[in-house]
Amino acid sequence: MPPIASDPWLSDRFGYDVYRVTPVPGASAALVEHRASVPRAFYYVKIPVTATADVTSFSAVQFQVVETHVAFRADPDDVESRSVSTGGRVTIGEFRDLHEDAAEIAAMCFRFSRFHLDPLVPDALAHAIKREWVRSYTRRERGDRLFIAARDGHAVGFLAALLADVRGEPCAVIDLMGVHPDAQGRGVGSLLIRAFAEAYRGTVTSLHVGTQAANIPSIRCYERMGFRMVSAAYTLHLHHCRVAVPVV
């Protein structure tokens, strides 16, 4: 596998080339040669927290750590199933008429994503990435199912799920989950996770999700619902530009 691969989806969002870097031997040296061939690009790499030598190597070529990503796993039967109080009636479904509302929630509810934590990524772009992420589900370009939490006919949260293979076993992944700022802290996320677990129980061997170490509320929610941390990795970004870019 080449150590540097184009990310077309993010390239479309950024408006210029975006590349995913794999931390294999020689990758940081290859990066130096690669960026010399392009006027402007954004690169990202994820490195296990135990691989400190790799972090040093990539830092030496101007990558910066923007987040620590933590991954969680749960058995479908272990997800907490007790009733949750949400301060009002909330229903969970796929509600296609509320898909655009879910996309707009995604554009306002995130604070701890790697793009929101990167001071060189404008907030408007970070919000737009999350909005388009959900829209890729509504257009059936990505993922498996989009669960929506609704109250009184209005979306208050969403959970985007996809299917994957982990070491030869089928699993379901929470690809993205968000709750409207006005509804946060009221059990909506717990209801979405429960619906997610119930939907895939009997068809997958495990459930997976990832979040940022800075996102303490999400971590507490996942642990409360039965998920346990299994790994952690640093995410590093590099913004490369050899041409003058107007300050907006």
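Residues numbered from 1 in each chain as written. Predicted model: local features only at pLDDT ≥ 70, side-chain atom pairs only at ≥ 80, totals over all residues. Heavy atoms only, no water.

*Asks:* Explain the side chain of His237 here, please?
*Replies:* Examined against the element boundaries, His237 turns out to sit in strand β10 (residues 228–241). A polar contact of 2.9 Å, which involves the side chain of His237, links it to the side chain of Arg114. Of note is the side chain of His237, whose polar atom sits 2.6 Å from the side chain of Asp118. If we ignore the near neighbours within four places in the chain, the residues touching His237 are Phe42, Tyr43, Tyr44, Gln62, Phe63, Gln64, Val66, Arg114, Phe115 and Asp118. (Helix = DSSP H or I, 4+ residues; strand = E, 2+ residues; numbered from the N terminus. Polar contact = N/O pair within 3.5 Å; in protein donor to acceptor, adjacent residues only side chain to side chain. Contact = heavy atoms within 4.5 Å.)

*Asks:* Just checking my understanding: could you explain the packing of aromatic side chains for this structure?
*Replies:* A ring pair, where both rings are aromatic, is described by two values, the distance of the centres and the angle of the planes. A full pass over the atoms with the stated rule returns nine aromatic pairs. Following the ring pairs from residue to residue traces out a cluster consisting of Phe14, Tyr16, Phe42, Tyr44 and Phe115. The cationic tip of Arg13 hangs over the ring face of Trp9; the distance from NZ or CZ to the ring centre is 4.6 Å. In this structure, Lys130 is placed above the aromatic ring of Phe110, and the distance from its NZ or CZ to the ring centre is 5.1 Å. (Phe/Tyr/Trp six-rings, centres within 6.5 Å; stacked < 30°, edge-to-face > 60°. Lys NZ or Arg CZ within 6 Å of the ring centre and 35° of its normal.)

*Asks:* Would you take a moment to explain the sheet that holds strand β9 (residues 206–212) for this structure?
*Replies:* The strands that make up a sheet are held in pairs by hydrogen bonds between backbone atoms, and each pair lies either parallel or antiparallel. Taking strand neighbours across the sheet as the criterion, the ten strands line up as β1-β2-β3-β10-β4-β9-β8-β7-β6-β5 in an open arrangement whose pairing is mixed. Looking at which strands have only one partner, the edges of the open sheet turn out to be β1 (4–6) and β5 (91–93). Averaged over all neighbouring strand pairs, the angle between strand axes comes to 25 degrees, with direction disregarded. Where strand β7 (residues 154–166) and strand β8 (residues 169–179) come together, ten bridges link them in antiparallel fashion. Bridging from a neighbouring strand, Ala161 pairs with Ile174 of β8. Along the sheet, helix α6 (residues 123–138) contacts β6 (145–151), β7 and β8; its crossing angle with β8, the most-contacted strand, is approximately 130 degrees. (Pairing = 2+ DSSP bridges. Axes fitted to C-alpha atoms, helices over the stretch in contact; angles between N-to-C directions.)

*Asks:* It is not clear to me how the pattern of salt bridges should be interpreted in this structure. Could you clarify?
*Replies:* Opposite charge on two side chains permits pairing when their charged atoms draw close. Per the stated rule, a full pass over the model turns up ten salt bridges. Between Asp77 and Arg201 there is a salt bridge, and its shortest N-O distance comes to 3.1 Å. Of the two residues, Asp77 sits in the loop between β4 (64–74) and β5 while Arg201 sits in the loop between α7 (188–200) and β9, which places them 124 residues apart along the sequence. Here Asp175 makes a salt bridge to Arg142, at a shortest N to O gap of 2.7 Å. Remark: Arg142 occurs in the loop between α6 and β6 and Asp175 occurs in strand β8; sequence separation between them is 33 residues. (Salt bridge = Lys/Arg side-chain N within 4 Å of Asp/Glu carboxyl O.)

*Asks:* Hey, could you run me through the nonpolar core in this one?
*Replies:* As a rule of thumb, nonpolar side chains are buried together in soluble globular proteins. Formed by 32 residues in total, the largest nonpolar core has its most connected members in Leu159, Ile174, Ile193, Phe196, Leu207 and Phe227. At the level of secondary structure, the elements contributing two or more residues to this core comprise β4, β6, β7, β8, α7, β9 and α8 (216–224). Within the second largest apolar cluster, 20 residues are counted, among which are Tyr137, Ile148, Ala160 and Val173. (Core = buried A, V, L, I, M, F, W, Y, C linked by side-chain atoms within 4.5 Å. Buried < 20%, exposed > 50% of the residue type's maximum accessible area, 1.4 Å probe, protein only.)

*Asks:* What is the right way to read the packing of α7 against α8 from this model?
*Replies:* A pair of packed helices can be characterised by two numbers: the angle between their axes and the separation between those axes. Packing of α7 against α8 leaves a shortest axis separation of 10 Å and a crossing angle of 45 degrees. On the basis of their axis angle, the class for α7 and α8 is oblique. Relative to α8, α7 is oriented so that their crossing is right-handed. Residue-level inspection shows Gly189, Ser190 and Ile193 of α7 in contact with α8, the latter providing Cys221, Tyr222 and Arg224. Broken down by class, the residue content of the contact of α7 with α8 amounts to three nonpolar, two polar and one charged. (Parallel < 35°, antiparallel > 145°, perpendicular 65-115°, else oblique. Left-handed = near helix turned anticlockwise from the far one by under 90°. Nonpolar A, V, L, I, M, F, W, Y, C, P; charged D, E, K, R; others polar.)

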